[in-house]
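What follows is the residue order along each chain.
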Amino acid sequence: MKILSTEQIREWDAYTILHEPIASIDLMEKAAGAVLPFLLDELSSTFGSNRKPSMDVYCGMGNNGGDGLVLARKLYALQFPVRVYVLKTKEIGSDDFESNFSRLKEIGIPYQFIEKLEDLDLLSTNQCIIEALFGSGLRQQLDALPWQLVQHLNKLKAFKIAIDLPAGLPGDIKDWNNQGCFKADITFTLEVYKQTLLFESSAVFAGKVVLVPIGLHSQYLSEIHCHWFLLDSENTPYKPLTTFAHKGTKGHALLVAGSFGKAGAAILASKAALRAGCGLLTSYVPASVHPIVQHAFPEGMVETDVEQTEIRNFPNWIGKSAIGVGPGLGTHSATCMALIPWIQKIQIPLLIDADA
């Protein structure tokens, strides 16, 4: 799965609107409709299949807020008790927000504006909070009233749901500053994972992450260049075996690893190399580590440095298919001095890990 930047996601929306073709307000309706069954499943798991918890939906005045308004309307149609709060940061919201806000008022769903700090004292708490304030469109850290609102919501005792991204959490990890975010129990993120959902320090605000496909045009994703990918068992690029494949046809890897007290790193990395598909593996370790590795890993070949406790004489790589260096290697000065000129001469694929 490609992990896009927030700018690329905006371009994908525009591409879909142009090539589907579909109106932006209909795309918003489609997105909220895609979220709804996932939301109902989570509500059923949390509150029971026969209960319809009361819902507070907090909306900004952009398109993420528009998603929240559509979702509020759909929940109201299913006879959930729904109340909407709009964080009023400007006089007029996006076109799609305003269109959906008009529909919400026509239906008669109760709503309230949040315009000043004192309005926070008037907020009551329902059993469930849906936060749709900014989504992935946020480009700056929260401040003033939005920051105060998020801190207020974090203190409330309710089941908390974020749409696309928790308020205050940017989509791009380069913009992350940990200045305070809405802390969700669950986040329904749209179409693809955002970068900040893949890092522990930022993803803690998202809670459980549920990926919701909303049907953006697949052609854009196939053509866009991307530096970040998330692999799973369905799209991991395994190299297929030929009918008469054997260990001699699957490559010969060289692993340079281990030091005194860190034989385990060499053993684990050696086992992982063969498990990943290397046909042959030679593990190069300090002399004192040799008997430990050979005993624990008899299916591999082991060569040793003349030094007992660390590697100082890096091995010849001629005839090998790829090299891994670093697990448990240690940072002895002699090891460091020998590593750099050895790396500079290598002309085959090289994975540098851990101490290296």
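This write-up is about the structure you can find in this document.

## Points about the sheet that holds strand β3 (residues 82-87)
Pairing is parallel across the open sheet formed by seven strands, whose spatial order is β4-β3-β2-β5-β6-β7-β8. Two strands bound the open sheet, and with one partner strand each, they are β4 (111-114) and β8 (208-212). Sheet twist, expressed as the average angle between the axes of neighbouring strands with direction ignored, equals 20 degrees. By the bridge criterion, five bridges tie strand β7 (residues 186-190) to β8 in an arrangement that is parallel. Bridge pairing in β8 places L190 opposite V212. Contacting β2 (55-59), β5 (128-132), β6 (159-163), β7 and β8, helix α2 (residues 24-47) crosses the sheet at an angle of about 150 degrees to β8.

## Regarding the sheet that holds strand β13 (residues 322-325)
Within a sheet, adjacent strands bond to each other through the backbone by hydrogen bonds, running parallel or antiparallel. Spatially, β12-β11-β10-β13-β14 is the arrangement adopted by the five strands of the open sheet, whose pairing is parallel. Strand pairing shows two members of the sheet lacking a second neighbour, β12 (301-304) and β14 (350-352), which therefore form its edges. Strand after strand, the sheet turns through a mean of 20 degrees between neighbouring axes, direction not considered. Here β13 runs beside β14; their pairing, made up of three bridges, is parallel. Within the sheet, the bridge partner assigned to V325 lies in β14 and is I352. Helix α10 (residues 333-345) rests against β10 (252-256), β13 and β14 of the sheet, and its axis sits at about 160 degrees to β13.

## Here we look at the pairing of β7
With five of five residues buried, β7 is to be regarded as a mostly interior element. Relative to β7, β6 runs parallel, the two sharing three bridges. Considered in β7, the bridge of I163 is made with F188.

## Points about the packing of helix α3 (residues 63-77) against helix α4 (residues 95-107)
Direction vectors running N to C along α3 and α4 enclose 25 degrees, while the axes themselves pass 8 Å from each other. By the angle class used here, α3 and α4 are roughly parallel. For the crossing formed where α3 meets α4, the hand is left-handed. Here α3 contributes N63, G65, G66, L69, V70, A72, R73 and Y76 to the contact with α4, which in turn contributes D96, F97, N100, F101, R103, L104 and I107. Here the contact of α3 with α4 is built from residues that sort into eight nonpolar, four polar and three charged.

The rules behind each value
Residues numbered from 1 in each chain as written. Predicted model: local features only at pLDDT ≥ 70, side-chain atom pairs only at ≥ 80, totals over all residues. Heavy atoms only, no water. Pairing = 2+ DSSP bridges. Helix = DSSP H or I, 4+ residues; strand = E, 2+ residues; numbered from the N terminus. Axes fitted to C-alpha atoms, helices over the stretch in contact; angles between N-to-C directions. Contact = heavy atoms within 4.5 Å. Buried < 20%, exposed > 50% of the residue type's maximum accessible area, 1.4 Å probe, protein only. Parallel < 35°, antiparallel > 145°, perpendicular 65-115°, else oblique. Left-handed = near helix turned anticlockwise from the far one by under 90°. Nonpolar A, V, L, I, M, F, W, Y, C, P; charged D, E, K, R; others polar.

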